[in-house]
Structure formats: structure tokens, C-alpha cells
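Notes for the structure review
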Amino acid sequence: MKLSPGSACSDTVLPGLQKDAECRILFTATYDDPNEVYKVVQAAPEPLRSVMKQLVEMRVADPLLPMEEAFAQYLRTEGLELSAEEFALFMNAMYAVDAYIRNYFRKQVTDRLLAQKIPVTVMGSGWEKYRHPGERWLKREPEVVFGLSFERIARAHVLLNVAPIFNRGMHDRIPAGMANGAVVLTEKNPYLERQFTDGNELMFYSLTDLDTAAEAAERLIGDPVLRGEIALRAYREFEAHHTWRCRAESILALSRSGICDAEASEV
């Protein structure tokens, strides 16, 4: 979205952003009932079913554990070895584990916010399957094509991110929020903690302590000045380090470095 002159909401210093009248937590994401996804795990043939169940348990207990590392740990524990090709085939066959983890934590975080009577708006396919006693605090919006989602994000005050399978990087939802004036409330991971500071460009919570999500959401909803300050710092950080141009320059630098290293090793 291109920022242009116009009226600005009281909690943003970015010009041209007409914010929603009510401050709610926006979550632009797909959803599927984790219990239904788990049926795919249960339907898998043995020994795949037992392996997948074990990986689900490991990753629910440790949301920062990557799928590849969880599987490698399982193989070491069982005294098994696979070739790189076999490892890749198993990873593809166990996609339902990632799908379960993604939807399990999306439900857990949304449940916790609604339990604390925090207003949440969800936008994306599948949310008609979601059920919670606190649904009076939930608003469902129809999904839109990807390009239009940025306009919706720009109207939001706070953008929620729940993407546990991106536990060594970041989902594009994060820079989308930073670029469009929404404060991003995201689960923390090692990459994000290296790149950003909690409360400075982003607001962090922990998937192992969901009270931190509710606490951060309540703080943001109740403090428009804080939202404006974070939004501005996030936008400046995005412009300086996270545009597509920045990414391209980083890739080219790495490519040149690799070429130079390869040439040096041949001398």
C-alpha cells in the first residue's frame, strides 16, 4: 500500500492511514479445526502414524523446535539413520504435523484473547469452523485476495501473528504490518529476537506462556500513544532493512561473498 497525505488516526504518526473506529486485534490467517487435522495423523499408516504423533507431542511442548530438528531428534533416540533423500521424503509425508501445530496454536492464542474479553477480528478462510464460549468478542470478516489484504492491515491498529512453523524466521505478515502502520503482536523466536526489540518495533509474546499474549494485547489496546510510537519505529525499520530492495541487496551480497570464497579456495 502506498502511503499518501490524508487524515491520520490519533494513534499513528504515519500520514494517510484511516484507522478502524474501534481498536481490535486483527488476525489475517487461514484456520482449520486442529482436531480435524489430527484425524489425518491418526489415519496415517504405521510406522508413520506413531512418528507423527511423537513429533506433535514434541512440538506442542516446545513450539520453537523446528520440524527438521524434531525428526532428527526422534531418529537419534530410536537409533535410526536415513539418507538425505529419505529424510526429505519423510518430511513431505508428515506435512500434517505442521498443519496441526499451526492450527493448534492459532486456536490456543485466539482462545486466550477471547477468554480475556479482548476484541478480535479474524479474516481468512476456515474461521467458520472456530468455536469458543467468548465469541461475542469475535468478529469474522470474509477473506479477500492477497493484494487487498494490505489495505485491510493498514486500517488495523494491531495485527496478530501466530506462525509457529516460522520458528527460525518470520512470516510475511510481520513486514506487512510494519509497512502499513499496524503494530504487530507476534510470538517471539530466536530470529525475531535478533532482529527486533520487544516493545520497540514489535510486541512479543510467548507460545509457552499465552498470558503474555493477552497482557500485550490489553496494553496495546489501552495505549494509543504506545501504538503510535511502535508503528513509527516499525515503519522506519521496515524502510531501512526489510523492503524487497533490502532483501535483494542482501542476497546479492551473499552471492558475491560465496563466489569470492569459492574462488579463494581454488587459488
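All residue numbers refer to positions counted from 1 along the written sequence of the respective chain. Per-residue local features are limited, in this predicted model, to residues with pLDDT of at least 70; the limit for side-chain atom pairs, both in listing and counting, is 80 or more; totals at the level of whole chains, interfaces and linings are taken over all residues. To get the side-chain values, all heavy atoms of the structure are used, and hydrogens and water are removed first.

1. Some details on the confidence of the model for the protein chain
What counts, and what does not: How sure the predictor is of each residue is captured by pLDDT, a score from 0 to 100. Residues are treated as being in contact if the distance between any of their heavy atoms lies within 4.5 Å.
Scored by pLDDT, the protein chain has a mean of 90; 90% of the residues are at 70 or more. Taken as a whole, residues 1-10 scores under 50 in pLDDT and shows 20 contacts with residues more than four places along the chain or in a different chain. In this model residues 262-267 is a low-confidence stretch, pLDDT under 50, and it forms zero contacts with partners more than four residues away in sequence or in other chains.

2. Looking at the pattern of salt bridges
Stated formally: By definition, a salt bridge exists where a carboxyl oxygen of Asp or Glu is found within 4 Å of a side-chain nitrogen of Lys or Arg. Secondary structure counts use DSSP, requiring at least four H or I residues in a row for a helix and at least two E residues in a row for a strand, with both numbered from the N terminus. Note on exposure labels: buried denotes an accessible area under 20% of the residue type's maximum, exposed denotes more than 50%, and partly exposed covers the range between, all computed with a 1.4 Å probe on protein chains only.
Scanning all chains against the criterion turns up twelve salt bridges. With its nearest N and O atoms 3.0 Å apart, the salt bridge here joins K39 to E36. Taken together, the residues K39 and E36, both in helix α1 (residues 34-43) and three residues apart, mark about one turn of the helix. Residue classification places K39 among the partly exposed positions, given a relative accessible area of 47%. When its relative accessible area of 40% is taken as the criterion, E36 is described as partly exposed. The salt bridge involving R49 is made with E46; its shortest N-O contact spans 3.3 Å.

3. Things to note about the nonpolar core
To be explicit about the condition: Throughout this description, the term nonpolar core refers to a set of buried Ala, Val, Leu, Ile, Met, Phe, Trp, Tyr and Cys residues connected via side-chain atoms within 4.5 Å.
Residues L55, M94, V109, L113 and L160 are the most contacted members of the largest nonpolar core, which totals 53 residues. Excluding anything up to four places from it in sequence, L55 contacts M67, A70, F71, Y74, M94 and V97. Counting residues in each nonpolar core, the second largest holds twelve residues, with M170, A179, V184 and F204 among its members.

4. Things to note about unusual backbone geometry
Each neighbour pair has its own omega, and for E46 with P47 the value is 5°, a cis peptide bond. In this structure, P47 sits in the loop between α1 and α2 (48-61). Phi angles above zero are rare outside glycine, and K117 is one such case at about 60°. Positionally, K117 belongs in the loop between α5 (95-115) and β2 (120-123).

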